[in-house]
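Spelled out from the first residue to the last, the chains are:
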Amino acid sequence: MKKVFIITGEYSGDIHGSKVAELLKEQFPDIEIEGIGGENLKNAGAKLFCDHSKMSGFGLSFKMIVDHLSLEKRVSDYILNVFKPDLVLCIDYGTFNLRVAKRIKKAADDIKVFHYIPPQVWASRKWRIKGIKKYVDKVLCIFPFEIEMYKEYGIDVHYCGHPLIKQLPPKADKQAFFEKHGLDINKPLVSVFPGSRPLELKFLANTLIGGAKLLQKKHPELQFCISHAPNLSDNVFDKYIKDTNFKVIKGENQALLSVSDELILASGTVALEASLYEVPMIIGYKGPWILYLAYILFRCIKKVSLPNIVTDEDIVPELIQAKFTKENICYETERLLYDKKYRAETIEKLGHVRAKLSDKYSAQEVVKAIAEILK
């Protein structure tokens with residue numbers, strides 16, 4: 001019986017892992033799949049070693065470090081001594097997954113380790129590529145510009161295409177969505193996405209929402225929604241919105257993205273999703289100054305949002321650290337809403353993002369690469 005262990009670190013990885021697990025089950029009906037994940041991976045037929053409760057984190061904390069180190073050892077020992085899979089598929093979550101890969105390859109070179117959605121070494125800390133070369137048998141990358149970099153270092157690489165291209169739902173029906181949530185179809189909709197982790201909210205939410213409140217004061221013709229990430233409890237989220245009358249929509253991120261006229265976003269994959277829907281946005285991000293200074297020291301590129309990185313253009317305004325103020329958020333959002341020429345040019349440029357990415361079915365490409373090992 002063939003065995004695969006899948007390691008994901010958060011919600012998006014859980015979704016990507018579940019698609020791979022489903023396709024593996026179709027091709028190898030008797031395959032045994034275990035892993036670290038969430039409900040999606042579990043529902044795809046994988047037995048969970050544990051869920052994401054000790055995986056999610058933002059920044060550094062003593063508890064997070066202890067949790068990660070403990071889990072890293074436990075899962076490595078289980079893989080090596082109990083489950084003994086043919087292949088370990090690491091998905092995203094680079095620091096944790098590379099440390100697990102190191103433990104596995106040092107102890108059992110016959111267990112193959114693949115990394116799907118590898119660390120963004122092209123953005124910062126490029127030295128990590130040495131660990132990838134040493135402890136990862138094959139890199140399954142999702143951006144076309146990654147291929148040559150890995151080949152240059154002699155790393156076995158397969159380009160799978162970005163999973164969002166096939167997994168992103170079509171645009172929601174705007175009329176139906178507005179009726180469902182009591183929104184006015186005749187008023188422009190500005191939506192705020194403040195992040196999906198508690199510490200992201202701590203650093204970002206007040207400023208992102210403050211920018212929206214400033215807009216509301218200046219432009220009563222606008223209406224506002226805030227996206228409530230489904231993994232966040234009401235207790236964590238509600239304290240940031242108690243002084244607003246914005247409509248809160250939970251668990252409908254992609255639908256809300258697609259029907260909005262303008263977006264105020266925390267940096268992350270959500271920006272790539274928004275660009276594929278061709279909705280104008282501004283990106284804001286701020287963290288502890290010590291981490292920001294470390295980022296400045298070790299970064300390889302100056303752009304931070306995926307639409308700008310993928311196209312190598314300055315499409316999306318990036319308000320990072322000191323520029324991350326409610327006044328700047330208000331100003332940049334006004335430009336995108338009311339400067340018709342600038343808005344039209346931005347929407348046209350957002351169309352370049354999809355053109356830069358492959359139309360491959362990413363999960364299917366991953367399974368093709370795994371199947372070569374399992375045959």
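Scroll up a little and you will see the structure.
Remember, predicted model here, so these are calculated numbers, not experimental data.

Peer 1: Whenever I open this one, the overall build of the chain confuses me. Can you help?
Peer 2: A count of helices and strands for the chain gives 17 helices and 13 strands. A principal-axis box enclosing the C-alpha atoms of the chain has dimensions of 65 × 45 × 40 Å. Residue burial in the chain is summarised as follows: out of 375 residues, 52% are buried. Each charge class in the chain can be summarised by its mean position, and for the 55 positive and 47 negative side chains these summaries are 5 Å apart.

Peer 1: What exactly am I supposed to notice about the pattern of salt bridges here?
Peer 2: Between side chains of opposite charge, a pair can form when the charged atoms approach closely. Summed over the entire model, instances satisfying the criterion amount to 12 salt bridges. For Lys105, the salt bridge is made with Asp109, and the minimal N-O distance between the two is 3.3 Å. Owing to a relative accessible area of 55%, Asp109 belongs among the exposed residues under this scheme. What emerges from the salt-bridge pattern is a single network uniting Glu72, Arg99 and Arg103.

Peer 1: Please explain the sheet that holds strand E9 (residues 223–228) as it appears in this structure.
Peer 2: Strand pairing in a sheet relies on backbone hydrogen bonds, with the paired strands running either antiparallel or parallel. Overall, parallel pairing links the 6 strands, which are arranged E10-E9-E8-E11-E12-E13 in an open sheet. Each end of this open sheet is capped by a strand with a single partner; those strands are strand E10 (247–250) and strand E13 (318–320). Averaged over all neighbouring strand pairs, the angle between strand axes comes to 20 degrees, with direction disregarded. By the bridge criterion, 3 bridges tie strand E12 (residues 281–285) to E13 in an arrangement that is parallel. Its bridge partner lying in E13, Ile283 is registered against Glu318. The sheet contacts of helix H12 (residues 269–276) involve strand E8 (189–193), strand E11 (262–266) and E12, and relative to E11 the element is tilted by about 160 degrees.

Peer 1: How should I be thinking about unusual backbone geometry in this particular structure?
Peer 2: What is expected of a backbone is that most residues other than glycine have negative phi and most peptide bonds are trans. Despite not being glycine, Tyr93 shows a phi value in the positive range, around 45 degrees. Assignment of secondary structure puts Tyr93 in the loop between strand E4 (87–91) and helix H4 (94–107).

Peer 1: What is the right way to look at helix H17 (residues 362–374) in this model?
Peer 2: Because each turn of an α-helix spans 3.6 residues, side chains separated by three or four positions in sequence point in the same direction. Counted at 1.5 Å a residue, the expected span for H17 with its 13 residues is 18 Å, and the 19 Å between its end C-alpha atoms agrees. All buried positions along H17 are accounted for by Ser362, Ala363, Glu365, Val366, Val367, Ala369, Ile370, Ala371 and Leu374. Of the surrounding secondary structure, the elements contacted by the buried residues of H17 are strand E1 (3–7), helix H1 (11–27), E4, strand E5 (112–116), strand E6 (138–141) and strand E7 (157–159).

Peer 1: Would you mind going over the packing of helix H9 (residues 198–218) against helix H15 (residues 326–338) with me for this structure?
Peer 2: Helix-helix packing is described using two parameters, namely the angle between the two axes and the distance between the axes. Orientation of H9 relative to H15, taken along the N-to-C sense of each, is 55 degrees, at an axis distance of 8 Å. Considered as vectors, H9 and H15 are oriented oblique to each other. Helix-helix and strand crossings are classified by hand; for H9 and H15 the assignment is right-handed. In this structure, H9 uses Thr207, Leu208, Gly210, Gly211, Leu214, Leu215 and Lys218 to contact H15, whose residues at the interface are Lys326, Glu327, Ile329, Cys330, Thr333 and Glu334.

Peer 1: Looking at this model, I keep getting lost on the pairing of E9. Mind explaining?
Peer 2: Remark: a regular strand shows side chains that alternate across the two faces of the sheet. Burial within E9 is extensive, with 6 of its 6 residues counted as buried. Crossover connection from E8 via H9 to parallel E9: handedness right-handed. Of the pairings in the sheet, the one linking E9 to E10 comprises 4 bridges and is parallel in character. The residue of E10 that forms the bridge with Ser227 is Ile249.

Peer 1: I tried to follow the packing of aromatic side chains on my own but got confused; where do I start?
Peer 2: Describing an aromatic ring pair means giving the distance of the ring centres and the angle of the ring planes. Per the stated rule, a full pass over the model turns up 8 aromatic pairs. With centroids separated by 6.3 Å and ring planes inclined at 5 degrees, the aromatic side chains of Tyr78 and Phe83 adopt a geometry described as stacked. The class of Tyr78 is buried, set by a relative accessible area of 17%. Here Phe143 and Phe145 contribute two aromatic rings whose centre-to-centre distance is 5.3 Å and whose plane-to-plane angle is 10 degrees, an arrangement assigned as stacked. Classification of Phe145 as partly exposed rests on a relative accessible area of 33%.

Peer 1: Would you mind going over the environment of Tyr338 with me for this structure?
Peer 2: In this fold, Tyr338 is placed in helix H15. Residue Tyr338 is classed as partly exposed on the basis of its relative accessible area, which comes to 38%. Dropping the residues within four chain positions of it, Tyr338 is found in contact with His219, Glu221 and Leu222.

Peer 1: Hey, could you run me through the sheet that holds E6 in this one?
Peer 2: Read across the open sheet, the 7 strands follow the order E3-E2-E1-E4-E5-E6-E7; overall the sheet is parallel. Two strands in the sheet have a free side with no partner beyond their single neighbour: strand E3 (47–50) and E7. Taken pair by pair, the neighbouring strands of this sheet meet at an average axis angle of 20 degrees, ignoring direction. Bridge count between E6 and E7: 3 bridges; the pairing is parallel. Across the sheet, the residue bridging to Cys141 is Tyr159, located in E7.

Peer 1: Teacher, can you tell me more about the nonpolar core here?
Peer 2: Side chains that are nonpolar tend, in soluble globular proteins, to be buried together. Residues Val20, Leu24, Leu89, Tyr116, Leu265, Met281 and Ile370 are the most contacted members of the largest nonpolar core, which totals 60 residues. Looking at which element gives the most residues to this core, the answer is H17, with 7 residues. For Leu89, the contacting residues outside a window of four places in its chain are Phe5, Ile6, Ile7, Val20, Phe114, Tyr116, Leu140, Val366 and Ile370. In this structure, Ala212, Ile241, Phe246 and Leu336 belong to the second largest nonpolar core, which totals 28 residues.

Peer 1: Explain the environment of Leu214 here, please?
Peer 2: Position of Leu214 among the secondary structure elements: in helix H9. The exposure class of Leu214 is partly exposed, given its relative accessible area of 26%. For the pair Leu214 and Thr8, spaced 206 residues apart in sequence, the C-alpha to C-alpha distance is 38 Å. If we skip the residues at most four places from it in the chain, Leu214 touches Lys326, Glu327 and Cys330.

Basis of the calculations
- Residue indices begin from 1 for each chain and proceed along its sequence in written order.
- Since the coordinates come from a predicted model, pLDDT governs what is reported: local features require at least 70, and pairs of side-chain atoms require 80 or more to be given and counted, while whole-chain, interface and lining totals use all residues.
- Excluding hydrogens and water, the side-chain figures rest on all heavy atoms present in the structure.
- Strands here mean DSSP runs of E at least two residues long; helices mean DSSP runs of H or I at least four residues long; both are numbered from the N terminus.
- Exposure classes here rest on a 1.4 Å probe applied to the protein chains alone. A residue is buried below 20% of its type maximum, exposed above 50%, and partly exposed in between.
- The charge count treats Lys and Arg as positive and Asp and Glu as negative. His and the chain ends do not count.
- A charged residue contributes its charge at one atom only: NZ of Lys, CZ of Arg, CG of Asp or CD of Glu.
- Salt bridges are counted wherever a side-chain nitrogen of Lys or Arg sits within 4 Å of a carboxyl oxygen of Asp or Glu.
- Between any two strands, at least two bridges found by DSSP are needed for them to pair.
- A fitted line through C-alpha atoms serves as each axis, taken over the contacting stretch for helices, and the angle formed by two N-to-C directions is quoted from 0 to 180°.
- Note on contacts: a residue pair qualifies if any of its non-hydrogen atoms lie within 4.5 Å across the two residues.
- Expected helix span is taken as 1.5 Å per residue step, with the number of steps being one fewer than the number of residues.
- Here roughly perpendicular refers to angles of 65 to 115 degrees, roughly parallel to angles under 35, roughly antiparallel to angles over 145, and oblique to all remaining angles.
- Should the near helix be turned anticlockwise from the far one by less than a right angle, the crossing is termed left-handed; should it be turned clockwise, right-handed.
- Look down the strands so they point away from you; if going from the first strand over the helix to the second traces a clockwise path, that crossover is right-handed.
- Only Phe, Tyr and Trp rings are paired, with Trp represented by its six-membered ring, and only when their centres lie within 6.5 Å; those with planes under 30 degrees apart are stacked, over 60 edge-to-face, the remainder tilted.
- We call a set of buried Ala, Val, Leu, Ile, Met, Phe, Trp, Tyr and Cys residues a nonpolar core when their side-chain atoms join them within 4.5 Å.

The values are spatial; any link to function lies outside them.
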